[in-house]
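Architecture at a glance
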Amino acid sequence: MNAPVARSVSIVGCGFVADLYMRSLAKHPDIAVTQVFDRDPERLAAFCKHWKVRGVDSMARFLGNLPAGALVLNLTNPAQHYAVSKTCLESGHHVYSEKPLATEMDQAIELHELAAANGLLLSSAPCSVLGEAAQTLAKAVRDEVAGPVRLVYAELDDGFIAQAPYKDWTSDSGAPWPADDEFAVGCTLEHAGYYLTWMIAMFGSVRRVVAASTEAISDKPVTGTPDFATATLFFESGVTARLTCSIVASHDHRIRLFGDKGVLQVKQSWDNSAPVKFHRRTTMRRRLIEHPFGKRIRIGGDTHPKVDRWGAAAMNFALGPAEMLDALAQDRPCRLSADFGLHLTEVTLAMQNAGEDGCAQDMTTRCDPIAPMEWAT
Ligand SMILES: NC(=O)c1ccc[n+]([C@@H]2O[C@H](COP(=O)([O-])OP(=O)(O)OC[C@H]3O[C@@H](n4cnc5c(N)ncnc54)[C@H](O)[C@@H]3O)[C@@H](O)[C@H]2O)c1
């Protein structure tokens, strides 16, 4: 495997999320941003001015500047992920792609094969699975705090986004929130990964997806993509989960794991510091109740750098790239493996594309559960 010559990253796509990456990378002073490129010259200029990073004016120049085995962060729009990642992999560079890895499964498979053939790492966002809340929850599951987990409910409802003041949402360097692209890509491709990654990390591969999706609001600025999807996920390990994504129902980002002794719960998926709580089940006056406040579960000691809350999120977007650089430096497998990213993509697409008659879909890809971070063992 090619190791990068320095602990650095280069960025393609300098839009809304790139600013969140820069905020996160600022918490990792050991990682340098070597160069950035955006095909929109005005956006590139605004980004470089704000963050004082070196911009290049073409993809050819961007690739030409890179030493073999560099790490490229692909932060372009989803429709561009496949083409940009392919070019970078073909040029001999490791790729960390924003989600989804690709918008079509055959494209995701091609990227996976290309990375394997060239001995390169290919990882897909999101990386909150490496964060404190997800790692604490996974440890609580391993420790059977709630006993064996029988069922999981995960909600990724973002509220009635079509009525949100999203035209006022701009990033640090002035990029508008790309509403049209978000509506066109859809909340499932955009967000299912936030809890799918946690569940796959804890319970391993999904064996079967039974999903349905629809467009509940057909008079949004951009239409034609499901704004609601729900799925029952049957994991190889025997756990069953229900995952819902929408930009219609009231904001609800809870994950609840129901076990024999009670419920493990996290209320915020986009906050690395979100409390993980255990609500013990007991009987009181002949009624079965779960403790209303719950007991907070903590991992002692230092975990990882935290970023300040920005908008709805307090997520460190650099945890994924940092994990890739660590894996390369230590010559060990990357926790966000290409298998993991491919499986995540297959399950997400099964939900998004289910429609009204998606029925049962047997997954063709698989991956192993993710090894816990050292600080979470
Ligand atoms: N907006 C968010 O809050 C958010 C949060 C997490 C993840 N994401 C993900 O981040 C990715 C980017 O989203 P965004 O919100 O930053 O979008 P954006 O439209 O604000 O930015 C994307 C940028 O990529 C550039 N670009 C597109 N194709 C390119 C190409 N081929 N070469 C060079 N530059 C190219 C565009 O010019 C644009 O500036 C998406 O995959 C999205 O799912 C977004």
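Residues numbered from 1 in each chain as written. Predicted model: local features only at pLDDT ≥ 70, side-chain atom pairs only at ≥ 80, totals over all residues. Heavy atoms only, no water.

Here the focus is the layout of surface pockets. Looking at the largest pocket, its volume works out to about 1,300 Å³. Taken together, 49 residues form the lining of the largest pocket, with F16, V17, W177, P178 and E182 sitting closest to its centre. Looking at the lining of the largest pocket, the elements with two or more residues in it are α1 (16–25), α4 (78–90), α7 (179–185) and α8 (187–191). Of the residues belonging to the lining of the largest pocket, the class tally is 28 nonpolar, 11 polar and 10 charged. Mapped onto the domain boundaries, the lining of the largest pocket takes at least three residues apiece from domain 1 (8–124) and domain 2 (128–312 + 338–376). Computed from the structure, the second largest pocket encloses a volume of approximately 460 Å³. (1 Å grid on protein atoms, 1.4 Å probe; cavity = no way out; pocket = protein on both sides within 12 Å on 5 of 7 lines; lining within 4 Å. Points joined across faces, edges and corners; volume = space filled by probe spheres on them. Helix = DSSP H or I, 4+ residues; strand = E, 2+ residues; numbered from the N terminus. Nonpolar A, V, L, I, M, F, W, Y, C, P; charged D, E, K, R; others polar. Domains from an automatic or database assignment.)

In this section: the site of the ligand. The ligand sits among 25 residues. The nearest are F16, V17, D38, N77 and E190. For the ligand, an oxygen atom lies 3.1 Å from a polar atom in the side chain of H81. Relative to its unbound accessible area of 820 Å², the ligand is 88% covered by the protein chains. The cavity where the ligand resides is the largest pocket. Per element, the largest residue contribution to the shell around the ligand is four residues, and it comes from α4. Across the shell around the ligand, the residue classes break down as 11 nonpolar, six polar and eight charged. Viewed by domain, the shell around the ligand spans two of them, domain 1 (8–124) and domain 2 (128–312 + 338–376), each represented by three or more residues. (Near = heavy atom within 4 Å. Polar contact = N/O pair within 3.5 Å; in protein donor to acceptor, adjacent residues only side chain to side chain. Areas by Shrake-Rupley, 256 points an atom, 1.4 Å probe, with all protein chains shown as cover. Sits in = over half its atoms within 2 Å of the grid points.)

Angle between the axes and distance between the axes are the two parameters that describe a pair of packed helices. Taken N-terminus to C-terminus, the directions of helix α5 (residues 105–117) and helix α11 (residues 338–352) make an angle of 180°; their axes are 10 Å apart at the nearest point. The orientation of α5 with respect to α11, classified from their angle, is roughly antiparallel. Touching M105, A108, I109 and H112 of α5 are A338, D339, L342, T345, E346 and L349, all from α11. Counted by class, the contact of α5 with α11 contains six nonpolar, two polar and two charged residues. (Axes fitted to C-alpha atoms, helices over the stretch in contact; angles between N-to-C directions. Parallel < 35°, antiparallel > 145°, perpendicular 65-115°, else oblique. Contact = heavy atoms within 4.5 Å.)

This part covers α11. Given 3.6 residues per turn, any residue in an α-helix points the same way as the ones three and four places further on. The terminal C-alpha atoms of α11, which comprises 15 residues, lie 21 Å apart, in line with the 21 Å expected from a rise of 1.5 Å per residue. Most of α11 is tucked away, with 14 of its 15 residues classed as buried. (Expected span 1.5 Å × (residues − 1). Buried < 20%, exposed > 50% of the residue type's maximum accessible area, 1.4 Å probe, protein only.)

So, about the packing of aromatic side chains. With the rule as written, the count across this model stands at 11 aromatic pairs. Ring geometry for Y166 and F183: centres 5.7 Å apart, planes at 75°, overall edge-to-face. Placement of the pair is Y166 in the loop between β6 (149–157) and α7 and F183 in helix α7, with a sequence separation of 17 residues. Of the two residues, Y166 and F183, both sit in the buried class. Residues W169 and W177 carry aromatic rings whose centres are separated by 5.0 Å and whose planes lie at 70° to one another, so their mutual orientation is edge-to-face. Connected via pairs of aromatic rings, a cluster forms that spans Y166, W169, W177 and F183. Over the ring of Y153 we find R242; its NZ or CZ atom is 3.9 Å from the centre of that ring. (Phe/Tyr/Trp six-rings, centres within 6.5 Å; stacked < 30°, edge-to-face > 60°. Lys NZ or Arg CZ within 6 Å of the ring centre and 35° of its normal.)

With that settled, consider the sheet that holds strand β4 (residues 94–97). If you walk across this open sheet you meet the five strands as β2-β1-β3-β4-β5, and the pairing is parallel. For this open sheet the edge positions go to β2 (32–37) and β5 (122–124), each flanked by a neighbour on one side alone. Averaged over all pairs of adjacent strands, the angle between their axes in this sheet comes to 20°, without regard to strand direction. Pairing between strand β3 (residues 71–74) and β4: four bridges, direction parallel. What sits directly across from N74, in β4, is S97. (Pairing = 2+ DSSP bridges.)

Counted under the stated rule, the structure contains three cavities of 30 Å³ or more. Approximately 70 Å³ is the volume attributed to the largest cavity. As for the largest cavity, its lining consists of K99, P100, L101, S124, A125, P126, L189, E190, G193, L344, T345 and T348. Listing elements by their share of the lining of the largest cavity, those giving two or more residues are α8 and α11. Among the elements that line the lining of the largest cavity, the one with the most residues is α11, at three residues. Residue composition of the lining of the largest cavity, grouped by class: six nonpolar, four polar and two charged. For the lining of the largest cavity, the domains that each give at least three residues are domain 1 (8–124) and domain 2 (128–312 + 338–376). Taken as a whole, the second largest cavity encloses approximately 60 Å³ of empty space. In terms of lining, the second largest cavity is formed by L20, R23, S24, V307, D308, W310, A313, M315 and F317. For the lining of the second largest cavity, the residue count by class is six nonpolar, one polar and two charged.

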